[in-house]
Amino acid sequence: MLSAILVMAAIGLVLGGILGWASVSYRVEEDPLVEKIDAVLPQTQCGQCGYPGCKPYAEAIAKGEAEINKCPPGGLEGIKRMAELLGVEPPAAEGMEPKPKSIAVIDENTCIGCTLCIQSCPVDAIIGAAKQMHTIIADQCTGCELCLPPCPVDCIAMVVVKEDVTTWKWRYPVHMMKRAA
Amino acid sequence: MGDRLHTFNGGIHPEGHKAESSATPIRDMALLPRYVVPLRQHIGTPARPLVQAGDKVLRGQPIGAAEGYVSTAVHAPTSGTVIAVEPRAVPHPSGLFDLAVAIESDGEDRAVDFTPLDWRNLDPSALRNRIRDLGLAGLGGAVFPSYIKLNPGAQSIHTLIVNGAECEPWITCDDRLMRERAAETLQGVAIMAHALGVKTVLVGIEDNKPEALAAMAAAAPAGVEVVAVPTRYPGGGGKQLTYTLTGVETPTGGRSTDVGIQVFNVGTAYSLYRAAMLGEPLLSRVVTVTGHVARPGNFETRIGTPLADLLTAAGGANPGAVGEIIGGPMMGFDLMDLAAPVTKAVNCLIVKDPVHFPPRPAPLPCIRCGACARSCPADLQPFEMYWFSRAKDFGKAQSYNLFDCIECGCCAYVCPSHIPLVDFFRFAKSEIWEREQEKRASDQARQRHEFKEFRLEREKQEKAEKFAKAAEKQKEAAAAGPAAAPADPEAEKKKAILQAALERAAKAKEGVTPKNTDHLPPRVEREIAEIDARREQVVGKEGGEG
């Protein structure tokens, strides 16, 4: 009897020690859920959700402070994927059809070189210097529209990205199914 | 090795329809008044335009240079004037326009000087660069830049397979090429073998082309084995031909180079012969025009020839034609615009008639018969991939190895429910590609955003540090008091100069300020004196200046 208790106690101590050691040395630094949610978000960094970027919104979702239907660029598809990730019912989402992908274009004749748009760009996609013409790196622009309001001369416009041979996609095959008699 | 052929699974036996176009020799086309040469004719980055509207060009002059690694050059098909560098119709399933160089021919067809390559003695990498600048790309359909494929690279290539199978129905351009230009084609093969340093060379030709087999076998030098492979679609697929000839399977997601085998099309070998022996860039290729046309056959067609002109050369479409296909009936696509030109990828133009190309019957539900899986040469399960693609469950579709699908169309051909399976696979593939693209873009945006935040934080810190340092210095100076002051003679000097300047300025101001009491008539002066006297009396103090 006594030896049984001692053996069980010893096993308990050893396992407890291993668990304790593991919890210290394999500590997870950051909440992995935040990372996962952040990966689903489109990273436009537009702030339309009310948070200053995608990561803060992801953190808020992870804490349960924010609804998952606050991201217009992600659209319905994004809500669906988020709901799948979090194992919740997708909430109602009106007006969530994402706009066609567009990028900002600076009218270089009108630009006065005030650098306000450069400061507002969340992904540093605008090149320019004070009193020099600015221009947008099309490949890096996320289409967040954050550069539009600060421009004092309204020289930035959003231009819808046109489909070309490289971005063209095969369409979903639409064929009338014959009714089985 | 060719004695024992291997049999891949699946495959089909569609009607060949080769005789329509294979009976007549390759015909040359008359010089046309206008050519349109797209800059994107190969897999990879489109060529960078080297000319602009108004430039004079000669035949064989580069008009687009290779841009980046996976790219190759394009050349002017004749001499003349560039009339535009702008988006034009191209042979693409979308019908979208793409950047192209339009050339108006001057009728003289003058060429630049072509210098043959000393391919035996050239440094391998120099040889490859020359081949890139001569615009060579795979003419079998994938148009992968040839110079990359000629690099033995890290994987040591031990076998070269030359693909003359031409398994798609209707197409006969490789057949005619091998019959008429076997020796030249085999010279190209020799150059390939030299560049790759391979010992084993196999030429695979389907046994429905006895004339081509005979011609190639007769011209083949020692070390090159010409092998007749059984006629079964898609026996000319790179992976299928490799398996048939060697019994080696290409690993999933990989290329035949992963198992030490390189595959080239016979048309590419012929263009390499012209490039090396004559120094001529890829200016033309053999194109089959067949189907519902007056005089079907094969044409030596300059790259950039509008398809409408090619059709005219074949006598035009017969009455009752219902559209055109670019490529074969199994893997080709419907042409949207006959203004589109022949590119390096175009091997065949089929004019459809309602008898051979009836409208596809409406699809019925899948009955799970499994015929598609039995016909699949890539050993996939098309019905599974179809269900998941139709439901847009792309992750699941991918887990059934969607990307090993070669889109040969066997499954759709045998499907008793007439389901357009390949259309679904193409749809799913392009959706997945787009998602991957988006994922990459969003990852990059995240990185850039995080870096910007880091940069702002760093700048803030740097500023704070600077202020702190300055404040400390000031404090130190104050603590040290006057004793420390003379320690900085420079500052003292500056102060003195400043003081002197201030004094000068004050003096000058006094001196210059005009007084409104100067130069007045005596009457006014007297008045002023009176007023001053009165003010003195009232205030009891000294009067003002004026």
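Rules and cut-offs
- Residues numbered from 1 in each chain as written.
- Chains lettered and ligands numbered in written order.
- Predicted model: local features only at pLDDT ≥ 70, side-chain atom pairs only at ≥ 80, totals over all residues.
- Heavy atoms only, no water.
- Helix = DSSP H or I, 4+ residues; strand = E, 2+ residues; numbered from the N terminus.
- Rg over C-alpha atoms; globule rule 2.2 N^0.38 Å.
- Buried < 20%, exposed > 50% of the residue type's maximum accessible area, 1.4 Å probe, protein only.
- Contact = heavy atoms within 4.5 Å.
- Areas by Shrake-Rupley, 256 points an atom, 1.4 Å probe, with all protein chains shown as cover.
- Lys, Arg positive; Asp, Glu negative; His and termini not counted.
- Charge placed at Lys NZ, Arg CZ, Asp CG, Glu CD.
- Pairing = 2+ DSSP bridges.
- Domains from an automatic or database assignment.
- Buried area = accessible area lost by both parts, 1.4 Å probe.
- Axes fitted to C-alpha atoms, helices over the stretch in contact; angles between N-to-C directions.
- Parallel < 35°, antiparallel > 145°, perpendicular 65-115°, else oblique.
- Nonpolar A, V, L, I, M, F, W, Y, C, P; charged D, E, K, R; others polar.
- Salt bridge = Lys/Arg side-chain N within 4 Å of Asp/Glu carboxyl O.
- Polar contact = N/O pair within 3.5 Å; in protein donor to acceptor, adjacent residues only side chain to side chain.
- Phe/Tyr/Trp six-rings, centres within 6.5 Å; stacked < 30°, edge-to-face > 60°.
- Lys NZ or Arg CZ within 6 Å of the ring centre and 35° of its normal.
- 1 Å grid on protein atoms, 1.4 Å probe; cavity = no way out; pocket = protein on both sides within 12 Å on 5 of 7 lines; lining within 4 Å.
- Points joined across faces, edges and corners; volume = space filled by probe spheres on them.
- Core = buried A, V, L, I, M, F, W, Y, C linked by side-chain atoms within 4.5 Å.
- pLDDT = per-residue confidence, 0-100.

*Asks:* When you look at the overall build of chain B in this model, what are you seeing that I'm missing?
*Replies:* Secondary structure assignment for chain B yields 16 helices and 17 strands. Compactness check: chain B gives a C-alpha radius of gyration of 40 Å against a globular reference of 24 Å for 546 residues, more than 25% above the reference. C-alpha atoms of chain B, sized along the principal axes, occupy 135 × 55 × 55 Å. Of all 546 residues assigned to chain B, the portion counted as buried reaches 46%. In chain B, of all internal contacts separated by at least 6 residues, the share reaching a separation of at least 24 is 72%.

*Asks:* Would you explain the overall build of chain A in this entry?
*Replies:* Counting its secondary structure elements, chain A contains five helices and four strands. Starting at the N terminus and ending at the C terminus, chain A contains elements arranged as α-α-α-α-β-α-β-β-β. For 181 residues, the compact-globule estimate of 2.2 N^0.38 gives 16 Å, and the C-alpha radius of gyration of chain A, at 26 Å, exceeds that figure by more than 25%. Projecting the C-alpha coordinates of chain A onto the three principal axes gives extents of approximately 90 × 70 × 30 Å. Buried residues in chain A amount to 30% of all 181 residues. Considering only residue pairs separated by 6 or more positions, chain A has 49% of its internal contacts joining residues 24 or more positions apart. With the model as given, the accessible surface of chain A reaches about 11700 Å², and the carbon-plus-sulfur share is 61%. Averaged over its 15 positive side-chain charges, chain A has a centre that lies 7 Å from the centre of its 21 negative ones.

*Asks:* Sorry if this is basic, but what is going on with the pairing of strand β2 (residues 34-38) of chain B here?
*Replies:* All names here are of chain B. Here β2 lies mainly inside the structure; four of its five residues are buried. Taken together, the five bridges between β2 and strand β8 (residues 97-105) define a ladder with antiparallel strand orientation. Bridge pairing in β8 links Val-37 to Val-101.

*Asks:* Is there a simple way to explain the domain arrangement of chain A in this structure?
*Replies:* Residues and elements named next belong to chain A. Assigned domains within chain A: domain 1 (32-86) and domain 2 (99-166). Taken together, the contact pairs four residues of domain 1 with five residues of domain 2. Summed over both partners, the interface of domain 1 with domain 2 comes to about 360 Å²; 59% of that surface belongs to carbon and sulfur atoms. Interface area lost by domain 1 to domain 2 is led by Thr-44, Gln-45 and Cys-46, which between them contribute 85%.

*Asks:* What is the right way to look at the packing of helix α5 (residues 182-196) of chain B against helix α8 (residues 266-278) of chain B in this model?
*Replies:* Residues and elements named next belong to chain B. In contact at an axis separation of 7 Å, α5 and α8 are set at 80° when each is read in the N-to-C sense. Between α5 and α8, the crossing angle belongs to the class labelled roughly perpendicular. Residue-level contacts link Glu-184, Thr-185, Gln-187, Gly-188, Val-189, Ile-191 and Met-192 of α5 to Val-266, Thr-268, Ala-269, Tyr-270, Leu-272, Tyr-273, Ala-276 and Met-277 of α8. Its residues assigned to classes, the contact of α5 with α8 shows 10 nonpolar, four polar and one charged.

*Asks:* Even after reading the chapter, I still don't get the interface of chain A and chain B, so can you show me in this structure?
*Replies:* Reports often express the size of an interface as the amount of accessible area lost when the parts come together. Every contact between the two is made by 34 residues of chain A and, on the other side, 34 residues of chain B. For the pair chain A and chain B, the summed buried area comes to about 3000 Å², and 58% of that belongs to carbon and sulfur atoms. Considering only the surface of chain A that becomes buried against chain B, A:Val165, A:Trp170 and A:Tyr172 emerge as the three largest contributors, covering 24% of it. At the junction of chain A with chain B, the criterion picks out six salt bridges. B:Arg446 is the salt-bridge partner of A:Asp38, the closest N and O atoms lying 3.0 Å from each other. Counting across the chain A and chain B interface gives 12 residue pairs in polar contact (both at pLDDT 80 or more).

*Asks:* How should I be thinking about the packing of aromatic side chains in this particular structure?
*Replies:* Aromatic rings in a pair are described by how distant their centres are and how their planes are angled relative to each other. Residues and elements named next belong to chain B. Applying the stated rule across the entire model yields 14 aromatic pairs over all chains. Relative to Tyr-147, the ring of Tyr-69 lies with its centre 5.9 Å away and its plane at 70°, an arrangement referred to as edge-to-face. With a gap of 78 residues between them, Tyr-69 in the loop between β5 (62-65) and β6 (74-75) and Tyr-147 in helix α3 (residues 146-149) connect regions that are remote in the sequence. A cation over an aromatic ring shows up here: Arg-232 above the ring of Phe-8, its NZ or CZ 4.1 Å from the ring centre. Directly above the ring of Phe-144 sits Arg-255, whose terminal nitrogen or CZ lies 5.4 Å from the centroid.

*Asks:* Just checking my understanding: could you explain empty space enclosed by the protein for this structure?
*Replies:* Rolling a probe over the atoms, with the probe sized like a water molecule, indicates the empty space that remains. Residue and element names in this part refer to chain B. For the structure shown, the criterion picks out seven cavities of 30 Å³ or more. Taken as a whole, the largest cavity spans an internal volume of roughly 150 Å³. If you list the elements that add at least two residues to the lining of the largest cavity, you get α4 (173-180), α8 and β13 (284-291). Looking at which element gives the most residues to the lining of the largest cavity, the answer is α8, with four residues.

*Asks:* Whenever I open this one, the nonpolar core confuses me. Can you help?
*Replies:* Looking at soluble globular proteins, one finds that nonpolar side chains tend to be buried together. Residues and elements named next belong to chain B. Among the nonpolar cores identified, the biggest contains 50 residues, and Leu-150, Leu-160, Val-201 and Met-216 are the most heavily contacted of them. In terms of residue count, α5 provides more of this core than any other element does, eight residues in total. Ignoring any residue separated from it by four or fewer positions in sequence, one finds Leu-160 in contact with Val-189, Met-192, Ala-193, Leu-196, Val-198, Thr-200, Val-201, Leu-202, Gln-262 and Phe-264. Among the nonpolar cores identified, the runner-up in size contains 23 residues, and Phe-394, Ala-412, Leu-421 and Ile-432 belong to it.

*Asks:* When you look at the side chain of B:Ser94 in this model, what are you seeing that I'm missing?
*Replies:* Residue and element names in this part refer to chain B. Position of Ser-94 among the secondary structure elements: in the loop between β7 (80-89) and β8. Overall, the relative accessible area of 16% leaves Ser-94 in the buried class. There is a polar contact of 2.7 Å between the side chain of Ser-94 and the side chain of His-92. Polar side-chain contacts of Ser-94 include one of 3.0 Å to the backbone nitrogen of Leu-96.

*Asks:* Would you explain the pattern of salt bridges in this entry?
*Replies:* A side chain with one charge can pair with a side chain of the opposite charge if their charged atoms come near. Inspection of the entire model under this criterion finds 30 salt bridges over all chains. Here B:Asp98 ties to B:Arg40 by a salt bridge, and the two come within 2.7 Å at their closest N and O atoms. Placement of the pair is B:Asp98 in strand β8 and B:Arg40 in the loop between β2 and β3 (48-49), with a sequence separation of 58 residues. The partly exposed category is assigned to B:Arg40, whose relative accessible area is 22%. Beyond isolated ion pairs, a larger network of salt bridges with shared partners links A:Asp38, B:Lys439, B:Asp443 and B:Arg446.

*Asks:* Could you clarify how one ought to interpret the sheet that holds β2(B) in this entry?
*Replies:* All names here are of chain B. The four strands are arranged β2-β8-β7-β4 in an open sheet whose pairing can be described as antiparallel. Every other strand in the sheet has two partners, leaving β2 and β4 (56-57) as the edge strands with one partner each. Pairing analysis gives two bridges linking β4 to β7, with the strands arranged antiparallel. Within the sheet, the bridge partner assigned to Lys-56 lies in β7 and is Thr-81.

*Asks:* Just to check I follow, could you spell out the confidence of the model for chain A for this structure?
*Replies:* Should pLDDT be low for a region, the predicted coordinates there are not to be read in detail. Here chain A shows a mean pLDDT of 87. Residues at 70 or above account for 93%. Element-level mean pLDDT values for chain A span from 86 in helix α4 (residues 75-86) of chain A up to 94 in helix α1 (residues 2-25) of chain A.

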